[in-house]
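Each chain is listed here by its residues.
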Amino acid sequence: MPRITVPEFLEGPAEAPILDVRAPVEYAQGHIPGAVSFPLFTDEERARIGTTYKQMSQEKAVLLGLDFFGPRMSQMVKSAQKLAPHKQVRLHCWRGGMRSGAVLWLLELAGFQVHLLNKGYKDYRHWALTEFGKPRSLLVLGGLTGSGKTDVLQALAATQQPVLDLEGLASHKGSAFGSIGLPPQPTQEQFENDLAAVLATLPAQTPTWVEDESRTIGSVHVPPPLFAQIHSSPLLVLEIPRDVRVRKLAEEYGRHDPAALAASILKIRKRLGGLATKEALAAIGEEDMEKMVSLVLDYYDRTYSHGLEGRRVVRVNSETADPLVNTELVQQAAQRAGLLSPTPSEQVNPGA
């Protein structure tokens, strides 16, 4: 079977699952989105083979690997048959070496058509990192905390506008409260893999909407080349009255565990100050979410305003946090600023 490039591998047959034959610990650190862990060796076995290679010889390491591989060959074929009933798979290891070669041999012997990734996962990582530096047309949506930026992005996506949801990929909303109610964050490597996969699907000509983010989103960071593009792209800032933002956030946070809210307050206690921290914690205990939110917004509003300096800003005023209303307003503002072309229906009926 000839080895194929990363684009060919990713665009391979939908009925051919991606089998990652690296050890479980390698898969957990980062893998191709959608790939299935199909390890040739356990973590312990991989470590023992590596030690044998370093301390003894390649020949003895290969023989040890065969000792581990032999007894599980039958089970691996049976597992592959369940995962790929059409008997087609896409296969890779770390760099297209002996591990993928061994599984390729086994599965082809069992009648599978195997599409092997040339140079393995290492080459995929090179492809992923290259995606972040490609020039893109971006429209950045900003606004103070509680402006409903994520809701607007979701509404834009519902109208088939290209959207890059960094917070969704990071499983974090960006603030000290950002992890509440969300699954654990991915590793940095997995975040980059997932991000590159989305970037590769975005249209080259149509502007893509993305939320204005800091360099870090929880425990992960936006790759520097992409962050630089976001920071230099046109920024449309939603300006929502403070009382509207307070009510929106109070309603959202009121649904969550008070202990999780208190822990989030303590994360930023040095920046809030002792008195504000004490009052915010007391407000949580009294179930006064609006007071708690108001105290925290004092800090976040100051922080965000500093980040606007020196950027091209289009301000979008609204009296509501309704995402449908604000989606229309930001699109109209982008069109007036020459950043977005009108939709075909708007061109036909501009007075609508």
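Here, every reference points to the structure presented above.
Model, not experiment: these values are computed from the prediction.

Asks: Explanation requested: the overall build of the chain in the structure shown.
Replies: Across its full length, the chain carries 18 helices and 12 strands. On the principal axes, the C-alpha backbone points of the chain span a range of 70 × 55 × 35 Å. Taking all 352 residues of the chain together, the buried fraction comes to 45%. Here the contacts in the chain between residues at least 6 apart in sequence split such that 75% fall between residues at least 24 apart. Surface summary for the chain: the accessible area is close to 17800 Å², and the carbon and sulfur share equals 55%.

Asks: What is the right way to read the pattern of salt bridges from this model?
Replies: Oppositely charged side chains can form a pair if their charged atoms are brought close together. A full pass over the atoms with the stated rule returns 16 salt bridges. One salt bridge connects Arg 315 with Glu 239, and the closest N-O pair in it is separated by 2.5 Å. Residue Arg 315 is found in strand β12 (residues 313-317), and its partner Glu 239 is found in strand β11 (residues 235-239); the two are separated by 76 residues along the sequence. We note a salt bridge from Arg 242 to Asp 301, for which the minimum N-O separation is 3.4 Å. Taken together, the residues Arg 242 in helix α12 (residues 242-253) and Asp 301 in helix α16 (residues 289-306) connect sequence positions 59 residues apart.

Asks: Honestly, the nonpolar core in this entry has me stumped. Any pointers?
Replies: One recurring pattern in soluble globular proteins: nonpolar side chains tend to sit buried together. Counting residues in hydrophobic clusters, the biggest one holds 35 residues, and the most contacted among them are Ile 32, Tyr 124, Leu 164, Leu 166, Leu 195 and Leu 226. Elements with a contribution of two residues or more to this core: α1 (6-10), α7 (120-131), β6 (138-143), α9 (166-170), α10 (188-199), α11 (224-232) and β11. Not counting chain neighbours up to four residues away, the residues in contact with Leu 195 comprise Phe 132, Leu 164, Leu 166, Leu 169, Pro 223 and Leu 226. With 24 residues, the next largest nonpolar core counts Ile 49, Leu 64, Met 76 and Ala 84 among its residues.

Asks: Whenever I open this one, a nonpolar patch on the surface confuses me. Can you help?
Replies: Residues Val 62, Leu 63, Leu 66 and Met 98 make up a contiguous nonpolar surface patch of about 370 Å² in total accessible area. With three residues, the single largest contributor to the nonpolar patch is helix α4 (residues 58-69).

Asks: What exactly am I supposed to notice about unusual backbone geometry here?
Replies: One can expect most non-glycine residues to show negative phi and most peptide bonds to be in trans. In this structure, Lys 87 is a non-glycine residue whose phi angle is positive, near 60°. In this structure, Lys 87 sits in the loop between α5 (73-83) and β4 (88-92). Judged by relative accessible area, Lys 87 falls into the partly exposed class, the value being 29%. One non-glycine residue, Ser 171, lies in the positive phi region at around 55°. Tracing the sequence through the fold places Ser 171 in the loop between α9 and α10. Its relative accessible area of 11% is what places Ser 171 among the buried residues.

Asks: Would you take a moment to explain empty space enclosed by the protein for this structure?
Replies: To find leftover empty space, a probe the size of one water molecule is rolled over the atoms. One pass over the full model with this rule turns up one cavity of 30 Å³ or more. Looking at the largest cavity, its volume works out to about 70 Å³. Around the largest cavity, the lining residues are Thr 145, Ser 175, Phe 177, Leu 249, Tyr 253, Met 292, Val 293, Val 296, Leu 297 and Tyr 300. Of all the secondary structure elements, the ones that give two or more residues to the lining of the largest cavity are α12 and α16. The leading source of residues in the lining of the largest cavity is α16, at five residues. Residues of the lining of the largest cavity, tallied by class, amount to eight nonpolar, two polar and no charged.

Asks: Just checking my understanding: could you explain the sheet that holds strand β7 (residues 163-164) for this structure?
Replies: Taken together, five strands build an open sheet; the order of strands is β7-β8-β6-β11-β12 and the sheet is parallel. For this open sheet the edge positions go to β7 and β12, each flanked by a neighbour on one side alone. The pairing of β11 with β12 spans five bridges and is classified as parallel. Across the sheet, residue Leu 236 finds its bridge partner in β12, namely Val 314.

Asks: I tried to follow the sheet that holds strand β2 (residues 18-20) on my own but got confused; where do I start?
Replies: Where strands meet in a sheet, backbone hydrogen bonds hold them as pairs that are either parallel or antiparallel. Ordered in space as β1-β5-β4-β2-β3, the five strands form an open sheet in which the pairing is parallel. Edge positions in the sheet fall to β1 (3-4) and β3 (36-37), since each of these pairs with one other strand and no more. As judged from the three bridges shared by β2 and β4, these two strands associate in the parallel manner. Bridge assignment links Ile 18 to a residue of β4, and that residue is Arg 90.

Definitions and limits used
- Residues numbered from 1 in each chain as written.
- Predicted model: local features only at pLDDT ≥ 70, side-chain atom pairs only at ≥ 80, totals over all residues.
- Heavy atoms only, no water.
- Helix = DSSP H or I, 4+ residues; strand = E, 2+ residues; numbered from the N terminus.
- Buried < 20%, exposed > 50% of the residue type's maximum accessible area, 1.4 Å probe, protein only.
- Contact = heavy atoms within 4.5 Å.
- Areas by Shrake-Rupley, 256 points an atom, 1.4 Å probe, with all protein chains shown as cover.
- Salt bridge = Lys/Arg side-chain N within 4 Å of Asp/Glu carboxyl O.
- Core = buried A, V, L, I, M, F, W, Y, C linked by side-chain atoms within 4.5 Å.
- Patch = residues over 30% accessible without salt bridge, like charges linked within 9 Å, V, L, I, M, F, W, Y side chains within 5 Å.
- 1 Å grid on protein atoms, 1.4 Å probe; cavity = no way out; pocket = protein on both sides within 12 Å on 5 of 7 lines; lining within 4 Å.
- Points joined across faces, edges and corners; volume = space filled by probe spheres on them.
- Nonpolar A, V, L, I, M, F, W, Y, C, P; charged D, E, K, R; others polar.
- Pairing = 2+ DSSP bridges.

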